[in-house]
Amino acid sequence: MTSMTRTVRTALTLAIAAALVVPTTVAVAAPRVLGSRTAATAAESVAATASAAGARMVAVAGQRGELIRERIRTALRRREGRFDNAIVAIERRITRIAGLADRVEGVGGDVAHVRELLDSARAALAEAKVLEAQAADEFAEVPNSSEPRSAFMGAKSTANGAVAKLREARAYTRDAGLELRDIVKALLESADDA
């Protein structure tokens, strides 16, 4: 994050320096170069140079905005891939534990608490998906915002909420697996005693 800020700051400094130094140089050199022209013509020349520099500043700002948009698109694609992989892994684990719970229930195990934990995991996963989609929309709007820093912080907060829900779903799934393991151990011990 620091290197991106430093890069953007350096690019902005160079653009401002180019816009300020070029017109000043022309304004100072204009009377000497122009020689026989009147002061009014020299002033017009300097004004034209200044407006050209202003146009360059607008062009640089547009390029900067496009660069930021491209970086956001790239970061969102990468984040989406990681997030989707994590969701798929948790969903597979939920499916696997639910299948095992069906088998344990078939042999007489009480898996009601395991099913509750799996339902909680599914709910947390659904919330994580919604928050992640919302965060992606918020990140995409950062360059168009009048306050980009606060927009970015809000989007980051939403994204962190999505990650927290993903961790919550993972924890519920883990707890369901551990609970099921304990139920199976108790069933095996009761079978050994009989």
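About the thresholds
- Residues numbered from 1 in each chain as written.
- Predicted model: local features only at pLDDT ≥ 70, side-chain atom pairs only at ≥ 80, totals over all residues.
- Heavy atoms only, no water.
- Helix = DSSP H or I, 4+ residues; strand = E, 2+ residues; numbered from the N terminus.
- Buried < 20%, exposed > 50% of the residue type's maximum accessible area, 1.4 Å probe, protein only.
- Contact = heavy atoms within 4.5 Å.
- Areas by Shrake-Rupley, 256 points an atom, 1.4 Å probe, with all protein chains shown as cover.
- pLDDT = per-residue confidence, 0-100.
- Salt bridge = Lys/Arg side-chain N within 4 Å of Asp/Glu carboxyl O.
- Core = buried A, V, L, I, M, F, W, Y, C linked by side-chain atoms within 4.5 Å.

Attention now goes to the overall build of the protein chain. Counting secondary structure elements, the protein chain contains 4 helices and 0 strands. Taken from the N to the C terminus, the helices and strands of the protein chain come in the order α-α-α-α. Here the protein chain holds 194 residues, and 24% of them are scored as buried. For the protein chain, contacts bridging at least 24 residues in sequence account for 76% of all contacts bridging at least 6. Put simply, the protein chain shows about 12,600 Å² of open surface, and 59% of that area lies on carbon and sulfur atoms.

Moving on to the confidence of the model for the protein chain. Mean pLDDT over the protein chain works out to 79, with 68% of the residues at or above the 70 mark. Between residues 21–36, whose pLDDT stays under 50, and residues either more than four places distant or in other chains, the model counts 11 contacts.

In the structure shown here, the tally under the stated rule is 12 salt bridges. Its salt-bridge partner being Glu91, residue Lys129 comes within 2.9 Å of it at the nearest N-O pair. Highlighted residues: Lys129 in helix H3 (residues 112–141) and Glu91 in helix H2 (residues 39–106), separated in sequence by 38 residues. Residue Lys129 is classed as partly exposed on the basis of its relative accessible area, which comes to 38%. A salt bridge links Arg115 to Glu105; its shortest N-O distance comes to 2.9 Å. On the criterion of sequence distance, the pair formed by Arg115 in helix H3 and Glu105 in helix H2 is long-range, its members being 10 residues apart. What makes Arg115 partly exposed here is its relative accessible area of 26%. For Glu105, a relative accessible area of 42% corresponds to the partly exposed category. Beyond isolated ion pairs, a larger network of salt bridges with shared partners links Glu66, Glu70, Arg73 and Arg77.

It is worth spelling out the environment of Ser157 at this point. Mapped onto the elements of the fold, Ser157 is located in helix H4 (residues 148–193). The class for Ser157 is partly exposed, based on a relative accessible area of 47%. A C-alpha to C-alpha distance of 8.2 Å links Ser157 and Ala135, two positions 22 residues apart in sequence.

Right, let's get into the side chain of Arg79. Within the fold, Arg79 resides in helix H2. Assessed through its relative accessible area of 18%, Arg79 is described here as buried.

Another point: the nonpolar core. In terms of nonpolar packing, the biggest core is built from 23 residues, with Val111, Val114, Leu118, Leu125, Leu166 and Leu180 touching the most fellow members. Looking at this core, the elements that each hand over two or more residues are H2, H3 and H4. The greatest single-element share of this core, amounting to 9 residues, is contributed by H2. Not counting the four nearest positions on each side in its chain, Val114 is found in contact with Ile97, Ala101, Ala176, Glu179, Leu180 and Ile183. Counting 7 residues, the second largest nonpolar core, distinct from the first, contains Ile72, Leu76, Phe139 and Ala155.

With that out of the way, let us pick up the side chain of Thr158. Its place among the elements puts Thr158 in helix H4. The residues contacting Thr158, other than those within four sequence positions of it, are Leu131, Gln134, Ala135 and Glu138.

Time to look at the environment of Leu166. Counting through the fold element by element, Leu166 comes out in helix H4. Leu166 has contacts with Phe83, Ala86, Ile87, Ile90, Leu125 and Ala128, leaving out every residue within four places of it along the chain.

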